[in-house]
Amino acid sequence: MIAKDLRSGVEQLGDMIAEASIIVPFTGAGISTECGIPDFRSPGGLWTRNRPIPFDEFVASQDARDESWRRRFAMEPTFAAARPGRGHRALASLYRAGKIPAIITQNIDNLHQASGFRNDDVIELHGNTTYACCIGCGAAYDLSWVKQRFDEGGAPDCTDCGDPVKTATISFGQAMPEDAMRRATELAQHCDLFLAIGSSLVVWPAAGFPMMAKNCGARLVIINNEPTDQDDEADLVIRFDIGETLGPFAGN
Ligand code: NAD
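The shown structure was predicted, so the numbers you read here are calculated from the model rather than taken from an experiment.

### Thoughts on the overall build of the protein chain
Per the secondary structure count, the protein chain includes ten helices and nine strands. Over its C-alpha atoms the protein chain spans a radius of gyration of 19 Å, differing by no more than 12% from the 18 Å that the globule rule assigns to 252 residues. Along the first, second and third principal axes, the C-alpha atoms of the protein chain reach 55 × 35 × 35 Å.

Structure (structure tokens):
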């Protein structure tokens with residue numbers, strides 16, 4: 001059912017939250033647009049400006065690695081200034097209340113952790129852009145370390161094994177993180193309310209989790225300001241702004 005206006009959508013969502021024992025949110029870039037981080041597919045989104053660099057290209061080409069890091073550092077003021085928005089705060093409030101055991105996110109911006117979720121309770125399907133990792137041995141690096149090397153001689157390699165260092169994110173063509181996929185599957189299969197928030201639901205395999213939850217008996221709510229392919233399957237579709245929709249649940 002599609003909420004006919006914001007007020008009735010918020011009311012129906014409130015009822016569903018009250019009735020649920022285990023709520024699992026699944027978030028996408030739309031929850032962070034009010035924090036100043038552009039999404040991918042809205043007009044003016046990142047996708048419209050930069051073609052994503054696939055993983056095999058990053059591995060094969062120093063130029064691609066340089067371009068990838070140049071883009072990342074160009075975004076640094078945006079990521080560094082971003083603070084949790086109303087959507088993040090509402091979910092953190094439900095987490096504190098014990099209704100949400102953990103959150104599944106496609107986002108890489110660290111804002112769920114910043115809103116109060118424990119690191120272990122944020123299941124990052126696409127990694128995290130606030131630090132870097134060696135793609136070979138997995139050694140972690142601070143972005144400040146990468147920036148210094150980058151300024152001196154371009155995209156750096158790992159000091160341990162010599163493989164390229166990359167933001168700790170999952171690029172197109174890169175294997176999904178096994179542990180995150182396993183935990184997200186468990187969460188989707190064992191909740192009674194699944195909230196898909198701010199995702200166009202076109203990036204797979206992540207976009208499979210809403211229907212997985214629904215097929216395991218959960219009610220499905222989709223909150224997104226444009227239609228998605230899964231709207232027909234949802235128990236409630238709220239096609240309004242996320243901050244406006246979740247703001248009433250943000251508490252103090
Ligand atoms: P997407 O860009 O494909 O979809 C975002 C959706 O959110 C769009 O349908 C858009 O209409 C909607 N939206 C934007 N602002 C909204 C608002 N205020 N209220 C309601 N709806 C709003 O994003 P996705 O589905 O998450 O997939 C994109 C991929 O890009 C993800 O894998 C993610 O890793 C990455 N990404 C992450 C960030 C981030 O971490 N903040 C930002 C850009 C891209």
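Now, onward.
### Examining unusual backbone geometry
Residue tryptophan 204 is joined to proline 205 through a cis peptide bond whose omega torsion reads 10 degrees. By the secondary structure assignment, proline 205 is in the loop between strand E7 (193–197) and helix H9 (209–215). You will see that asparagine 110, though not glycine, has its phi angle at about 70 degrees, which is positive. Mapped onto the elements of the fold, asparagine 110 is located in the loop between strand E2 (103–105) and helix H6 (111–114). A relative accessible area of 28% means that asparagine 110 is categorised as partly exposed. Positive phi, normally seen in glycine, also occurs at leucine 201, with a value near 55 degrees. Checked against the element boundaries, leucine 201 lands in the loop between E7 and H9.

### Structural notes on the side chain of glutamine 113
Mapped onto the elements, glutamine 113 comes out in helix H6. Only 3.0 Å separates the side chain of glutamine 113 from the side chain of glutamate 124, close enough to count as a polar contact. Residues in contact with glutamine 113, not counting those within four places in the same chain, are Asn119, Val122, Glu124 and Asn128.

### A closer look at the pattern of salt bridges
The tally for this structure, following the rule as stated, stands at 16 salt bridges. Across the pair lysine 147 and aspartate 151 runs a salt bridge, and its minimum N-O distance is 2.8 Å. Of this pair, lysine 147 and aspartate 151 both sit in helix H7 (residues 143–153), separated by four residues, roughly a single helical turn. When the shortest N-O distance is used, the salt bridge between aspartate 235 and lysine 214 registers 2.9 Å. With a gap of 21 residues between them, aspartate 235 in the loop between strand E8 (219–223) and strand E9 (236–238) and lysine 214 in helix H9 connect regions that are remote in the sequence. Take lysine 214: its relative accessible area is 25%, and that puts it in the partly exposed class.

### Structural notes on the pairing of strand E1 (residues 23–27)
Of all five residues that make up E1, five are buried, and the element is covered over most of its length. Here E1 shows no split at all, with Ile23, Pro25 and Thr27 on one side and Val24 and Phe26 on the other all buried. Pairing of E1 with E7, which is carried by five bridges, proceeds in the parallel orientation. The residue of E7 that forms the bridge with proline 25 is leucine 195. Relative to E2, E1 is paired through two bridges, and the arrangement is parallel. The residue of E2 that forms the bridge with threonine 27 is threonine 105.

### Some words on the site of the ligand
Near the ligand, the surroundings consist of 27 residues, among which Arg41, Gln106, His126, Ser200 and Asn225 are the closest. Isoleucine 108 places a main-chain nitrogen or oxygen 2.8 Å from an oxygen atom of the ligand. Contacts to the ligand include histidine 126, whose side-chain N or O atom sits 2.5 Å from an oxygen atom. Taken together, the residues of the shell around the ligand sort by class into nine nonpolar, 13 polar and five charged.

### Some words on the pairing of strand E6 (residues 165–169)
In terms of burial, E6 is a largely internal element, five of the five residues being buried. Taken together, the five bridges between strand E4 (residues 127–134) and E6 define a ladder with antiparallel strand orientation. Directly across from cysteine 133, in E6, lies its bridge partner lysine 166.

### Focus on the state of the cysteines
Here is the idea: a disulfide is a covalent bond, and it sits between the sulfur atoms of two cysteines. A complete count under the given rule lists zero disulfides for this structure. Of the cysteine sulfurs around cysteine 134, a residue in no disulfide, the closest is that of cysteine 161, at 3.4 Å. Residue classification places cysteine 134 among the buried positions, given a relative accessible area of 4%. A disulfide-free cysteine, cysteine 216 has its sulfur positioned 8.3 Å from the sulfur of cysteine 191, the nearest such atom. With relative accessibility at 42%, the residue cysteine 216 sits in the partly exposed group.

### Describing the sheet that holds E6
Strand order in the open sheet formed by three strands is E5-E4-E6, and the pairing between neighbours is antiparallel. Because the sheet does not close on itself, it has two edges, and the strands there are strand E5 (140–141) and E6. Across the face of the sheet, H7 comes into contact with E4, E5 and E6 while running at roughly 60 degrees to E4.

What counts and what doesn't
Residues numbered from 1 in each chain as written. Predicted model: local features only at pLDDT ≥ 70, side-chain atom pairs only at ≥ 80, totals over all residues. Heavy atoms only, no water. Helix = DSSP H or I, 4+ residues; strand = E, 2+ residues; numbered from the N terminus. Rg over C-alpha atoms; globule rule 2.2 N^0.38 Å. Buried < 20%, exposed > 50% of the residue type's maximum accessible area, 1.4 Å probe, protein only. Polar contact = N/O pair within 3.5 Å; in protein donor to acceptor, adjacent residues only side chain to side chain. Contact = heavy atoms within 4.5 Å. Salt bridge = Lys/Arg side-chain N within 4 Å of Asp/Glu carboxyl O. Pairing = 2+ DSSP bridges. Near = heavy atom within 4 Å. Nonpolar A, V, L, I, M, F, W, Y, C, P; charged D, E, K, R; others polar. Disulfide = S-S within 2.5 Å. Axes fitted to C-alpha atoms, helices over the stretch in contact; angles between N-to-C directions.

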